[in-house]
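Read off the chains here:
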Amino acid sequence: MARIDMQEVAHSYRPKTQTLHEYALKRIHMTWEDGGAYALLGPSGCGKTTLLNIISGLLKPSQGKVLYDGGDVTGLPPEQRNIAQVFQFPVLYDTMSVFDNLAFPLRNRGVTADRIRQRVREVAEMLDLDSVLNKKAAGLSADAKQKISLGRGLVRSDVAAILFDEPLTVIDPHLKWQLRRKLKEIHERFHLTMIYVTHDQVEAMTFADTIVVMYEGEVVQVGTPEELYEMPKHKFVGYFIGSPGMNFLPCTLEGLFARVNGTMIPLDERTANLARRASGKLELGIRPMHLELHAQAVADAFPVGILTVEDQGASRIVTLALNGQMVRARVPEEHLVPQQKAWLRFPPEKTRLFADGRLVE
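Residues numbered from 1 in each chain as written. Predicted model: local features only at pLDDT ≥ 70, side-chain atom pairs only at ≥ 80, totals over all residues. Heavy atoms only, no water.

**Student:** What is the right way to look at the nonpolar core in this model?
**Tutor:** Generally speaking, a soluble globular protein has its nonpolar side chains buried in company with each other. Residues Val 120, Ile 148, Leu 154, Ile 162, Phe 164, Met 194 and Ile 211 are the most contacted members of the largest nonpolar core, which totals 50 residues. Every residue in contact with Ile 148, bar those within four places of it in the chain, is listed here: Leu 92, Val 98, Asn 101, Leu 102, Leu 129, Ala 137 and Leu 140. Grouped together as the second largest cluster of nonpolar side chains are 30 residues, Leu 274, Ala 275, Val 331 and Ala 355 included. (Core = buried A, V, L, I, M, F, W, Y, C linked by side-chain atoms within 4.5 Å. Buried < 20%, exposed > 50% of the residue type's maximum accessible area, 1.4 Å probe, protein only. Contact = heavy atoms within 4.5 Å.)

**Student:** I'm lost on the sheet that holds strand 7 (residues 161-165) in this one. Help?
**Tutor:** What links the strands of a sheet is backbone hydrogen bonding, and the strands pair in either a parallel or an antiparallel sense. Strand order across the open sheet formed by six strands is 6-7-8-3-9-10, with mixed pairing between neighbours. Strands with a single pairing partner mark the edges of an open sheet, and in this sheet they are strand 6 (83-86) and strand 10 (218-223). Shown here is a sheet whose adjacent strand axes are inclined to one another by a mean of 15°, direction ignored. Alignment of strand 9 (residues 210-215) against strand 10, held across five bridges, turns out to be antiparallel. Following the sheet pairing, Met 214 is matched in strand 10 by Val 219. Relative to the sheet, helix 5 (residues 173-190) contacts strand 3 (37-41), strand 7 and strand 8 (194-198), its axis offset from that of strand 8 by approximately 160°. (Pairing = 2+ DSSP bridges. Helix = DSSP H or I, 4+ residues; strand = E, 2+ residues; numbered from the N terminus. Axes fitted to C-alpha atoms, helices over the stretch in contact; angles between N-to-C directions.)

**Student:** Please clarify how the sheet that holds strand 12 (residues 252-254) should be interpreted in this entry.
**Tutor:** Taken together, the three strands give an open sheet; going across it, the order is 12-13-14, and neighbouring strands pair in antiparallel fashion. Looking at which strands have only one partner, the edges of the open sheet turn out to be strand 12 and strand 14 (263-266). Sheet twist, expressed as the average angle between the axes of neighbouring strands with direction ignored, equals 35°. Both strand 13 (residues 257-260) and strand 14 contribute to a ladder of four bridges, which runs antiparallel. Counted as the bridge partner of Phe 257 is Pro 266 from strand 14.

**Student:** I'm lost on a negative patch on the surface in this one. Help?
**Tutor:** On the surface, Glu 310, Asp 311, Glu 333 and Glu 334 cluster together into a patch of negative charge. Among the structural elements, Glu 333 can be located in the loop between strand 19 (325-332) and strand 20 (341-345). (Patch = residues over 30% accessible without salt bridge, like charges linked within 9 Å, V, L, I, M, F, W, Y side chains within 5 Å. Areas by Shrake-Rupley, 256 points an atom, 1.4 Å probe, with all protein chains shown as cover. Salt bridge = Lys/Arg side-chain N within 4 Å of Asp/Glu carboxyl O. Lys, Arg positive; Asp, Glu negative; His and termini not counted. Charge placed at Lys NZ, Arg CZ, Asp CG, Glu CD.)

**Student:** Would you mind showing me how to read a nonpolar patch on the surface here?
**Tutor:** Together, Leu 58, Phe 87 and Val 91 line one region of the surface with nonpolar side chains, adding up to about 250 Å² of accessible area. By the secondary structure assignment, Leu 58 is in the loop between helix 1 (48-56) and strand 4 (63-68).

**Student:** Please clarify how the packing of helix 2 (residues 98-107) against helix 4 (residues 142-154) should be interpreted in this entry.
**Tutor:** When two helices pack together, their arrangement is given by the angle between the helix axes and by the axis-to-axis distance. Where helix 2 meets helix 4, the axes come as close as 8 Å, and the angle between the chain directions of the two elements is 30°. Classified by the interaxial angle, the pair formed by helix 2 and helix 4 is roughly parallel. The chirality of how helix 2 crosses helix 4 is right-handed. The residues of helix 4 that touch helix 2, namely those facing Val 98, Asn 101, Leu 102, Phe 104 and Pro 105, are Ile 148, Gly 151 and Arg 152. Looking at the contact of helix 2 with helix 4 residue by residue, the classes come out as five nonpolar, two polar and one charged. (Parallel < 35°, antiparallel > 145°, perpendicular 65-115°, else oblique. Left-handed = near helix turned anticlockwise from the far one by under 90°. Nonpolar A, V, L, I, M, F, W, Y, C, P; charged D, E, K, R; others polar.)

**Student:** I keep staring at the packing of helix 4 against helix 5 and nothing clicks. Help me out?
**Tutor:** Viewed as axis vectors pointing N to C, helix 4 and helix 5 meet at an angle of 10°, and their least axial separation amounts to 13 Å. Considering the angle they form, helix 4 stands roughly parallel to helix 5. Contacts from Asp 143, Lys 147, Leu 150 and Leu 154 in helix 4 reach Leu 175, Leu 179, Leu 183 and Ile 186 in helix 5. Class assignment for the residues of the contact of helix 4 with helix 5 results in six nonpolar, no polar and two charged.

**Student:** What should I look at first to understand the layout of surface pockets in this one?
**Tutor:** Over the atoms rolls a probe the size of a water molecule, and its path tells where empty space is left. As a volume, the largest pocket reaches approximately 480 Å³. Taken together, 19 residues make up the lining of the largest pocket; nearest its centre are Ile 83, Ala 84, Gln 85, Arg 109 and Arg 156. Per element, the largest residue contribution to the lining of the largest pocket is four residues, and it comes from strand 6. The residue inventory of the lining of the largest pocket, partitioned by class, reads ten nonpolar, five polar and four charged. (1 Å grid on protein atoms, 1.4 Å probe; cavity = no way out; pocket = protein on both sides within 12 Å on 5 of 7 lines; lining within 4 Å. Points joined across faces, edges and corners; volume = space filled by probe spheres on them.)

**Student:** Can you help me understand the pattern of salt bridges in this one?
**Tutor:** One side chain can pair with another of opposite charge once the charged atoms of both are near each other. On inspection of all chains with the given rule, the structure shows 15 salt bridges. A salt bridge links Asp 209 to Lys 184; the nearest nitrogen and oxygen atoms lie 2.5 Å apart. Separated by 25 residues along the polypeptide, Asp 209 in the loop between helix 6 (201-207) and strand 9 and Lys 184 in helix 5 bring together distant segments of the chain. With relative accessibility at 10%, the residue Lys 184 sits in the buried group. Through salt bridges with shared partners, a single ionic network connects Arg 3, Asp 5 and Glu 33.

**Student:** Explain helix 9 (residues 269-276) to me, please; I cannot follow it from the model alone.
**Tutor:** Count 3.6 residues to each turn of an α-helix, and residues three or four apart come out pointing the same way. Taken as a whole, helix 9 has its buried residues at Thr 271, Ala 272, Leu 274 and Ala 275. Around the axis of helix 9, the buried residues are gathered within 165° of arc, so they sit on the same side. Residues Glu 269 and Arg 270 are exposed on helix 9 and point more than 90 degrees away from its buried face. As for helix 9, its buried residues are in contact with strand 12 and strand 21 (352-355). (Arc of directions from axis to C-beta.)

Written out as structure tokens, the structure is:
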């Protein structure tokens, strides 16, 4: 396994790009620790696959360096970086047996026959492929073929890193959760450096210890699922992580309060002090589950109108009208939702402020 450092990496697909704004990747400077399980999360077109291809060597960055354990590999092709890569669609040999597909990367490196048999059977057992080892890959389902592709990435124990580019796209939905858990178990057992590209936050949170969130070619936050949820450092992270995403309300700062239209929402002292030093457009952000909805007036709560109620089983999403602004609250199933009017409280310790889209801190 290897520690991977990206030093001021930027990339443009246009040969004469002048400004950083036009780059597909904008100055990525970060470290992927040896043995870490990472998810690279973001919407389509944000630069995830470009970044993964630079790590693997399929793409040379326009600027910056890529280091493996301190050695510069920026100009090296994939075969000289000792990595395994699993793509969105299965890459295998249809005319070969499942066993031979899994054994192929090891045979190419001169591994002994005994070790090949041992390693192939270990990986096949992990992925529940042991019953089809002697079958031709051509006759198997798309799910099984992608498991073979995953196995080809996992079979080598000497790789610097294993890179997954949305590998579960073709997998049947009911098997996705099982395979994500299986990959997690494999990581915990062998401590492989794994980087998993996805646009699905559930996949990211199921698989990874650390999530790297990308937006418009930038890494906007790196953290645990809890850190991304509780303390998003960018407005996009607040919107993208969680269902539904964070509420954002344009506001101004007045003492220890955020003024949203005519509503004065109390802030904790630290947030207010930080906001005084911030510049740019201010917005209040709060998670729907952190809002308190009351049937009667309570201290620091504001009257709101009930617009819609969406039942989600264990909870309900209530859309509210607050002084000309729409707000969504997540209410537990057992909590009473008033028919037309209620009172809404913003807990100061859960209320964040953002300036020009970034958390004030």
